[in-house]
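# Structural description and commentary
So the chains spell out like this:
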Amino acid sequence: MSKTLMKLQTLRRQHANLQSLRRFSAISQAIRVPSCNKEASPSPSYYVNIPNQAIRYFSDQVKSEESTEGGDGTEKVEDVVVTEKFESLHIMSIGINRPGKRNCVNEDTAEKLKMAFQDFEKDENMYCAVFHGIGGNFCAGYDLEELAELEENLANKVAELLMDQGPMGPTKMALTKPVIAAIDGYCVAGGLELAIMCDLRIAEENSKLGFLNRRFGVPLIDGGTVRLPELIGLSRAMDLILTGRLLDPKEAHDWGLVNRVVATGTAYGTAFNLAKDIVKFPQECLRCDRESALHATFSAKNIDEALEFESENSAKVLTTEAILGAKKFLAGFGRGGKFNVNREEEKK
């Protein structure tokens, strides 16, 4: 028996060493630059006409720590939320950067996410945001490790979190500009609530969506029970909410939970290019129609009130952007369903 145990221990050590080697290899392969040579790129990457992007991680290439070592040997802590503004494109990128935790959100991350979205909302030069996770996962929900440590003064802490925001950060904000979620890896629990807060969702074919928090008795308090039934219907929403099961991207697309399913490694690029298309349109009109749709879905008491709001909300655009658009049509732009109406703006 002792020889058998010794043999088992040896096999376990060999397996652990093999797993460590594979993990090191995965991380080293995660840092890559765009290449025009298809043979040199073993799997699809998200570089699709996106400036200043040099690093892309995939769902099986996750860093194990949230800190790195600086050049002087000291520990360098990375920002848990990374933002970048593409001024000439009017697009802001917002990324959760806790790859070692599959981008689980803790109190600090939630606060910085809220601040990032507040910055996006206030910046008049930003028309659209791309929201994503860094390190191969969108977001795996709230950090249960932090939640488990909230033993003292728990009631006051929970009340503080819920008073002016949801635990995930920006989920109770009334944004006036569109946000696109680029989903890869795990998008579960509060992470799925963050995704359905967005206007559009682009999911990679390897992503996993669902409310895994059901297993631990953690409730949905970031808009999941409010937004999901409106997006996919009450029956399907109940399926996800009550069972906690994972939904594959194809079924999520069939249900209308995600808008596009794309190849692994391309969600961010697809979302970014979609944002580039959206920002080309007349923005005042786009925001008015977006606001009217949200009002009809969540705020209107009946169809008459919704129609009245739509008419009043769009009246101001009829005297500005609509007149300019009509003149462009008379000049020959947009004929035959072409999207060449804003060609001059594109050149600029």
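Before reading on, note that the structure itself is shown above.
Computed from a prediction, not measured in an experiment: that's the story for all the values here. Throughout, a residue's number is its position along its own chain's written sequence, starting from 1. For a predicted model such as this one, the threshold for reporting local features is a pLDDT of at least 70, and the threshold for listing and counting side-chain atom pairs is 80 or more; totals across whole chains, interfaces and linings nevertheless cover every residue. Excluding hydrogens and water, the side-chain values take into account all heavy atoms of the structure.

## Quick word on the nonpolar core
We define the nonpolar core as a collection of buried residues of types Ala, Val, Leu, Ile, Met, Phe, Trp, Tyr and Cys that are connected through side-chain atoms lying within 4.5 Å of one another. Here the term buried applies to any residue with accessible area under 20% of the maximum for its type, exposed to any over 50%, and partly exposed to those in between, with areas from a 1.4 Å probe on protein chains only. Of all hydrophobic cores here, the largest spans 43 residues; its most connected members are I94, L113, F131, F138, L194, L228 and L257. Only runs of H or I of at least four residues qualify as helices and only runs of E of at least two qualify as strands under DSSP, and these elements are numbered from the N terminus. Every element with two or more residues in this core is listed here: β4 (91-96), α2 (107-122), β5 (128-133), β6 (179-183), α5 (190-197), α6 (224-232), α7 (234-243) and α8 (249-255). It only takes one pair of heavy atoms within 4.5 Å for two residues to be counted as in contact. Each residue touching L228, except ones within four places of it in the same chain, is listed here: I196, F211, G223, G233, A237, L240, I241 and L257. Listed in part, the 17 residues of the second largest apolar core include A182, V262, F272 and L274.

## So, the pattern of salt bridges
Every case where a carboxyl oxygen of Asp or Glu lies within 4 Å of a side-chain nitrogen of Lys or Arg is listed as a salt bridge. Across all of its chains, the model carries twelve salt bridges by this definition. Residue D123 is joined to K85 by a salt bridge in which the shortest nitrogen-to-oxygen separation is 2.7 Å. Residue D123 is found in the loop between α2 and β5, and its partner K85 is found in strand β3 (residues 81-86); the two are separated by 38 residues along the sequence. Accessibility expressed as a relative area gives 17% for D123, which makes it buried. D254 is the salt-bridge partner of K250, the closest N and O atoms lying 3.3 Å from each other.

## Observations concerning the sheet that holds β4
Note on pairing: DSSP must find at least two bridges between two strands before they are called paired. Here we have six strands laid out as an open sheet, ordered β3-β4-β5-β6-β8-β10, and mixed in their pairing. Sheet topology places β3 and β10 (260-262) at the edges, where each strand pairs with a single neighbour. Strand-to-strand, the axes of this sheet are offset by a mean angle of 20°, without reference to chain direction. When β4 meets β5, the two strands line up parallel, connected through six bridges. Across the sheet, I94 pairs through a bridge with F131, a residue of β5. Only the contacting stretch of a helix is used when fitting its axis, a line to C-alpha atoms as for every element, and angles between N-to-C directions run 0 to 180 degrees.

## Observations regarding the environment of P249
Within the fold, P249 resides in helix α8. A sequence separation of twelve residues divides P249 from V261, and the C-alpha atoms of the two residues are 6.5 Å apart. For P249, the contacting residues outside a window of four places in its chain are E204, E205, S207, V258 and V261.

## Some points on the packing of α6 against α7
Closest axis-to-axis distance for the α6/α7 pair is 7 Å, and the angle between their directions is 130°. Here α6 is positioned oblique relative to α7, judged by the angle of their axes. Pair α6 / α7 crosses with right-handed handedness. Facing T225, L228, P229 and I232 of α6, the residues of α7 in contact are L234, R236, A237, L240 and I241. When describing relative orientation, an angle under 35 degrees is termed roughly parallel and one over 145 degrees roughly antiparallel, while 65 to 115 degrees is termed roughly perpendicular and anything else oblique. Crossing handedness: left-handed means the near helix sits turned counterclockwise from the far one by under a right angle, and right-handed means the same turn made clockwise.

## Description of the packing of aromatic side chains
Pairing of aromatic rings covers Phe, Tyr and Trp, the last counted by its six-membered ring, and requires centre-to-centre distances within 6.5 Å; plane angles under 30 degrees mean stacked, over 60 mean edge-to-face, and any other angle means tilted. On inspection of all chains with the given rule, the structure shows four aromatic pairs. Between the aromatic rings of F86 and F272, the centroid separation amounts to 4.9 Å while the plane-to-plane angle is 85°, which identifies the pairing as edge-to-face. With F86 in strand β3 and F272 in helix α9 (residues 267-278), the pair connects residues that are 186 residues apart, well separated along the chain. Here the aromatic residues F86, Y268 and F272 are joined through ring pairs into a cluster of three or more. Each ring is checked for a lysine NZ or an arginine CZ that lies within 6 Å of its centre and within 35 degrees of its normal; such an atom marks a charge sitting over the ring. The ring of F120 carries K177 above its face, with NZ or CZ at 4.6 Å from the centroid. Sitting over the face of the ring of Y186, K208 holds its NZ or CZ atom 5.2 Å from the ring centroid.

## A closer look at unusual backbone geometry
Peptide bonds are, in most cases, trans, and in most cases residues other than glycine have a negative phi. One non-glycine residue, H90, lies in the positive phi region at around 65°. Inspection of the secondary structure assignment puts H90 in the loop between β3 and β4. The phi angle at R102 is positive, at roughly 55°, despite the residue not being glycine. Mapped onto the secondary structure, R102 falls in the loop between β4 and α2.

## Points about α7
Among the residues making up α7, those that are buried are A237, L240 and I241. Viewed along the axis of α7, the buried residues span an arc of 95°, placing them on a single side of the element. Exposed residues lying more than 90 degrees from the buried face of α7 are S235 and L242. Phi turns positive one or two residues past the end of α7, at G244, with a value near 70°. In this description, one arc is meant: the one made by directions from the helix axis to the C-beta atoms.

## Re a nonpolar patch on the surface
Surface patches are drawn from residues lacking salt bridges whose relative accessible area is over 30%; two like charges belong together within 9 Å, two nonpolar side chains (Val, Leu, Ile, Met, Phe, Trp, Tyr) within 5 Å. Note on areas: these come from Shrake-Rupley sampling with a 1.4 Å probe, and a residue is covered only by the protein chains present in the view. A contiguous nonpolar surface patch, about 260 Å² in accessible area, is contributed by L144, L147 and F216. As for its position among the elements, L144 is in helix α3 (residues 144-148). By relative accessible area, which is 35% here, L144 ends up partly exposed.

## Some words on the environment of V317
Summarising the element assignment, V317 is placed in helix α11 (residues 303-318). In this structure, the C-alpha to C-alpha distance between V317 and P282, residues 35 residues apart in sequence, is 9.8 Å.

## Considering the packing of helix α10 (residues 283-298) against α11
Direction vectors running N to C along α10 and α11 enclose 170°, while the axes themselves pass 9 Å from each other. Compared by their axis directions, α10 and α11 come out roughly antiparallel. Residue-level contacts link E284, C285, C288, E291, S292, H295 and A296 of α10 to E305, A306, F309, E310, N313, K316 and V317 of α11.

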